[in-house]
There are 2 protein chains.
Amino acid sequence: MATKGAKHIPARLRFARNLRSIRKEMNLSQEGLADLANLHRTYVGDVERGERNISIDNMEALAEALGVPLWELLRM
Amino acid sequence: MATKGAKHIPARLRFARNLRSIRKEMNLSQEGLADLANLHRTYVGDVERGERNISIDNMEALAEALGVPLWELLRM
DNA sequence: GTGTGACTTCTAGTCCGTA
DNA sequence: ATACGGACTAGAAGTCACA
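## Some thoughts on the protein's contact with DNA strand C
- What surrounds DNA strand C is a group of 21 residues, the closest being His40, Tyr43 and Arg52 of chain A together with Gln30 and Arg41 of chain B.
- Here DNA strand C approaches the protein such that, of its atoms within 4 Å, sugar and phosphate make up 62%.
- Between a phosphate oxygen of DNA strand C and a side-chain N or O atom of Ser55 of chain A, the distance comes to 2.7 Å.
- Measuring from a sugar or linking oxygen of DNA strand C, one finds a side-chain N or O atom of Arg49 of chain B at 3.5 Å.
- Of all the secondary structure elements, the ones that give two or more residues to the surface near DNA strand C are helix H3 (41-48) of chain A together with helix H1 (11-25), helix H2 (30-37) and helix H3 (41-48) of chain B.

Here it is as structure tokens:
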């Protein structure tokens, strides 16, 4: 078969990138987002760099803070 | 307006329920799934009961073990 | 085959700084 | 406003014995 590859980017990285790009689209700072999600400034930065293995509760907190559905943050 | 409610079920619970129902559709035991995902039997059970705040890496491991995209497990 | 309590190890998540 | 480090505490990861 032809189209097999795809070699998925790890979910953690997809989440990281989507989080950052959506946050920026909203002209929100990491600090501002952290506040909205009741998380810490530095932690959000770590997550956006893909350095943290974030838990589902906090993923949801961030999604809600951004006002987007969680699956949107897992988009390729 | 009429249809506003929706009162989202927490992502953790949605994940729990979807995981269980998809696993069962595949006639797979918690044990079998745990093996495929390189996780422990009891841990998978805990997750299916929504008792664990699972991290993104393990969510992905379970999704891959089931052969479904991660977002499928977050479906309402 | 699954649920549950208890337990230890490891990392998620906080908070302080400095650049 | 963000990155990054160190040091710390809360809580996730991972395992077991028993129902």
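We are not done yet, so read on.
## What to know about the pattern of salt bridges
- This model, assessed by the stated rule, comprises 14 salt bridges over all chains.
- Taking the shortest distance from any N to any O, the salt bridge between Arg12 of chain B and Asp57 of chain A comes out at 2.5 Å. One end of the pair, Arg12 of chain B, is in helix H1; the other, Asp57 of chain A, is in helix H4 (residues 56-66), on a second chain.
- With a relative accessible area of 28%, Asp57 of chain A lands in the partly exposed category.
- As a salt-bridge pair, Asp46 of chain B and Arg52 of chain B come within 3.0 Å of each other at their nearest N and O atoms.
- Residue Asp46 of chain B is classed as buried on the basis of its relative accessible area, which comes to 15%.

Conventions and cut-offs
- Residues numbered from 1 in each chain as written.
- Chains lettered and ligands numbered in written order.
- Predicted model: local features only at pLDDT ≥ 70, side-chain atom pairs only at ≥ 80, totals over all residues.
- Heavy atoms only, no water.
- Near = heavy atom within 4 Å.
- Polar contact = N/O pair within 3.5 Å; in protein donor to acceptor, adjacent residues only side chain to side chain.
- Helix = DSSP H or I, 4+ residues; strand = E, 2+ residues; numbered from the N terminus.
- Salt bridge = Lys/Arg side-chain N within 4 Å of Asp/Glu carboxyl O.
- Buried < 20%, exposed > 50% of the residue type's maximum accessible area, 1.4 Å probe, protein only.

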